[in-house]
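Each chain, letter by letter, is given below.
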Amino acid sequence: KAEPTHTDLSDDSYSSEEEDEESPLNKIQANSKGFKDFRIKSIKLHTYGKKEIEIAEQEMPGLMLLRKKTCATSGDKPLKGAKIIGCTHITAQSAVLIKTLVECGASVRWCSCNIHSTQNEVAAALAEAGYPVFGWKGETEEEFWWCIEQCIKSPSWQPNMILDDGGDATSMMMSKYPGAAKYVSGVVEESVIGIHRLYQLSKENRLPMPAINVHDSVVKTKFDNLYCCRESIIDSLKRTMGIMFGGKVVCVCGYGEVGKGCCAALKGLGAICYVTEVDPICALQACMDGFRVVKLTEIAPSLDILITAAGTKHVVSKKHFELLKNGCIVGNMGHSNQEIDMGCLKDLKREKIRPRVTHYTWPNGKKKIVLLAEGHLLNQSCSRIPSLVVSITSATQALALIELHKAPKNLYKNEVYLLPKKMDEYVATLHLPSFDAHLTELSDEQAKYLGVPKHGPFKPYYYKY
């Protein structure tokens, strides 16, 4: 058989998303051992995916060290008996997490949390290794929900934990399979939208299981949101549009950690950046960092690039689209694909220019805007996330799952919890050797003076890093 070419892979290529191809949903495939419990683009891509995973392992030192310390060295299997539904991006980095969880004793079923972010070759490698994985790049909304359902309703497998990114697996479990939800001992959530849903359910006393909020752990917020986005926003825009940033007028909607990272990167390359904010504290931070804080309606007619990073719905709506100038590039760096109101574009002429780049043209033909990834997460859809950053988040997720699984019954109530500060510090410690960093140790006298344990935690829970 002919080897698959690079155009079969999930990088930016025309042939990777042919609309007339048969949906993977309808294709029953088997790996080399006859295993068929998966739905992916093509099992033939597994060799490429295995190489991608090996590269990611080299760039995820903290997670690999956690795997070694937790499982390989001690022989302990802290996740023995855990049956985990994973609904995250299916990438080389998440494959490293999946392998870590399984080595810790868990069994898993995995699906994608985003219709554009799956690396088809990585999904193939996971399927070849015998993992039940459901996802491919370019899913329809219907296929997206079908894939999640395959992880929930397997006839011979009863899930008891959920690792979610966006809350979709948790939402389907609770709404469509409430009987199965009662067997779930805990959920770990990493997105701001998913966390918001969980807090709402907890407030209404409708949360049927304990949950750990990974999104607001210090290491996740700072590194995944700030440092990751500072690099990936540029990569995403360069890959899709190939533009120069010097002198471009840009507006970033939201100045949380994601917005801060985006603005720092764009400003560093010479872009003229504006910020919109609803929070006066974040707005003041933007001002002190040298950015003009404006309303989007004020700056929209001048914009070359518009980026959303607000974490709420319809940040960019019809009135804003009407004000944008011809050729303005619009993309979303927040988690939810609802930040850009796609409904208000449905009557415009839509033309796909290349994968994840779409023109929407006004009826008079004199104005068009460029929408990236159809409003989905820009850096996950159009570029690659730095593996080191994902290592930090993945280690946090793994520790949260272990904590919930090993906790004595009734220790955690059906509420939303933050990771203990000690765990945050442990995740950071796991990653310091890769930088050849050497921590200074407090003396007994210094620890007593500060009123903290000699080996941490070093900051109170309310400390803002």
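Source: prediction; values computed, not measured.

Rules used in this analysis
- Residues numbered from 1 in each chain as written.
- Predicted model: local features only at pLDDT ≥ 70, side-chain atom pairs only at ≥ 80, totals over all residues.
- Heavy atoms only, no water.
- Helix = DSSP H or I, 4+ residues; strand = E, 2+ residues; numbered from the N terminus.
- Rg over C-alpha atoms; globule rule 2.2 N^0.38 Å.
- Buried < 20%, exposed > 50% of the residue type's maximum accessible area, 1.4 Å probe, protein only.
- Contact = heavy atoms within 4.5 Å.
- 1 Å grid on protein atoms, 1.4 Å probe; cavity = no way out; pocket = protein on both sides within 12 Å on 5 of 7 lines; lining within 4 Å.
- Points joined across faces, edges and corners; volume = space filled by probe spheres on them.
- Nonpolar A, V, L, I, M, F, W, Y, C, P; charged D, E, K, R; others polar.
- Pairing = 2+ DSSP bridges.
- Axes fitted to C-alpha atoms, helices over the stretch in contact; angles between N-to-C directions.
- Expected span 1.5 Å × (residues − 1).
- Bend = angle between axes of the 7 residues up to and from the residue.
- Salt bridge = Lys/Arg side-chain N within 4 Å of Asp/Glu carboxyl O.
- Phe/Tyr/Trp six-rings, centres within 6.5 Å; stacked < 30°, edge-to-face > 60°.
- Lys NZ or Arg CZ within 6 Å of the ring centre and 35° of its normal.
- Core = buried A, V, L, I, M, F, W, Y, C linked by side-chain atoms within 4.5 Å.
- Polar contact = N/O pair within 3.5 Å; in protein donor to acceptor, adjacent residues only side chain to side chain.

So, the overall build of the protein
Piece 1. What the protein contains, in helices and strands, is 17 helices and 15 strands.
Piece 2. What you see for the protein is a C-alpha radius of gyration of 22 Å, in line with the 23 Å of a compact globule of 465 residues.
Piece 3. Expressed as lengths along the three principal axes of its C-alpha atoms, the size of the protein is roughly 65 × 65 × 45 Å.
Piece 4. A burial count over the protein gives 55% of its 465 residues as buried.
Piece 5. Across the protein, every contact between residues at least 6 apart in sequence was considered, and the portion connecting residues at least 24 apart equals 70%.

Topic: the layout of surface pockets
A water-sized probe rolled over the atoms picks out the places where empty space is left.
Piece 1. Counted as a void, the second largest pocket has a volume near 830 Å³.
Piece 2. Secondary-structure elements contributing two or more residues to the lining of the second largest pocket are helix 9 (218-241), helix 15 (387-406) and helix 16 (421-431).
Piece 3. With 9 residues, helix 16 is the single largest residue contributor to the lining of the second largest pocket.
Piece 4. Here the lining of the second largest pocket is built from residues that sort into 17 nonpolar, 4 polar and 10 charged.

Some thoughts on the sheet that holds strand 4 (residues 161-164)
Piece 1. Strands sit in the order 3-2-1-4-5-6-15 across an open sheet of 7 strands; the sheet is parallel. Looking at strand neighbours, the two that pair on one side only are strand 3 (133-134) and strand 15 (416-418), the edges of this open sheet.
Piece 2. Contacts from helix 5 (residues 141-152) reach strand 1 (83-88), strand 2 (107-112) and strand 3, with the element oriented near 175 degrees to strand 2.
Piece 3. Sitting on the sheet, helix 6 (residues 168-176) touches strand 1, strand 4 and strand 5 (186-189), and the angle it makes with strand 4 is about 140 degrees.

Thoughts on helix 9
Piece 1. In this model, helix 9 (24 residues) spans 33 Å end to end at C-alpha, consistent with the 34 Å of a helix rising 1.5 Å per residue.
Piece 2. The largest bend along helix 9 measures about 45 degrees and falls at Cys229.
Piece 3. Looking at the residues trailing helix 9, positive phi occurs at Gly242, about 60 degrees.

Describing the pattern of salt bridges
Piece 1. Taken as a whole, this structure holds 18 salt bridges when the rule is applied.
Piece 2. Between Asp224 and Lys220 there is a salt bridge, with its nearest N and O atoms 3.8 Å apart. Taken together, the residues span about one helical turn, with Asp224 and Lys220 both in helix 9 at a distance of 4 residues. Exposure class is identical for Asp224 and Lys220. Each is buried.

What to know about the packing of aromatic side chains
Piece 1. With the rule as written, the count across this model stands at 8 aromatic pairs.
Piece 2. For the pair Phe134 and Trp146, a centre-to-centre distance of 6.4 Å together with 70 degrees between the ring planes defines the contact as edge-to-face. Taken as a pair, Phe134 in strand 3 and Trp146 in helix 5 lie far apart in primary sequence, 12 residues in all.
Piece 3. The class of Phe134 is buried, set by a relative accessible area of 3%.
Piece 4. Given the relative accessible area of 23%, Trp146 is considered partly exposed.
Piece 5. Of note, Lys267 hangs over the ring of Phe291, and the distance from its end group to the ring centre comes to 5.0 Å.

Description of the sheet that holds strand 12 (residues 349-354)
In a beta sheet, neighbouring strands are held together by backbone hydrogen bonds and run either parallel or antiparallel to one another.
Piece 1. Here 8 strands make up an open sheet; going across it, the order is 9-8-7-10-11-14-13-12 and the pairing mixed. Of all the strands in the sheet, the pair left with one neighbour each is strand 9 (292-293) and strand 12.
Piece 2. Across the sheet, helix 9 is in contact with strand 10 (305-308), strand 11 (329-332), strand 12, strand 13 (357-361) and strand 14 (368-372); its angle to strand 14 comes to roughly 125 degrees.
Piece 3. The strands touched by helix 10 (residues 257-268) within the sheet are strand 7 (249-253) and strand 8 (272-276), with strand 7 carrying the most contacts at an inclination of about 170 degrees.

A look at the nonpolar core
Piece 1. With 56 residues, the main nonpolar core has Ile40, Leu79, Ile84, Leu101, Leu126, Val188 and Leu401 as its most contacted residues.
Piece 2. For this core, the element with the highest residue contribution is helix 15, accounting for 10 residues.
Piece 3. Beyond its immediate sequence surroundings of up to four residues, Leu79 is in contact with Ile84, Leu101, Cys104, Gly105, Ala106, Leu401, Ile402 and His405.
Piece 4. Counting 31 residues, the second-largest nonpolar core is a separate cluster that includes Ile234, Val250, Ile307 and Val370.

Details of the side chain of Asn213
Piece 1. Along the chain, Asn213 falls in strand 6 (residues 211-213).
Piece 2. For Asn213, a relative accessible area of 0% puts it in the buried group.
Piece 3. For Asn213, the side chain forms a polar contact with the main-chain nitrogen of His215, separated by 3.0 Å.

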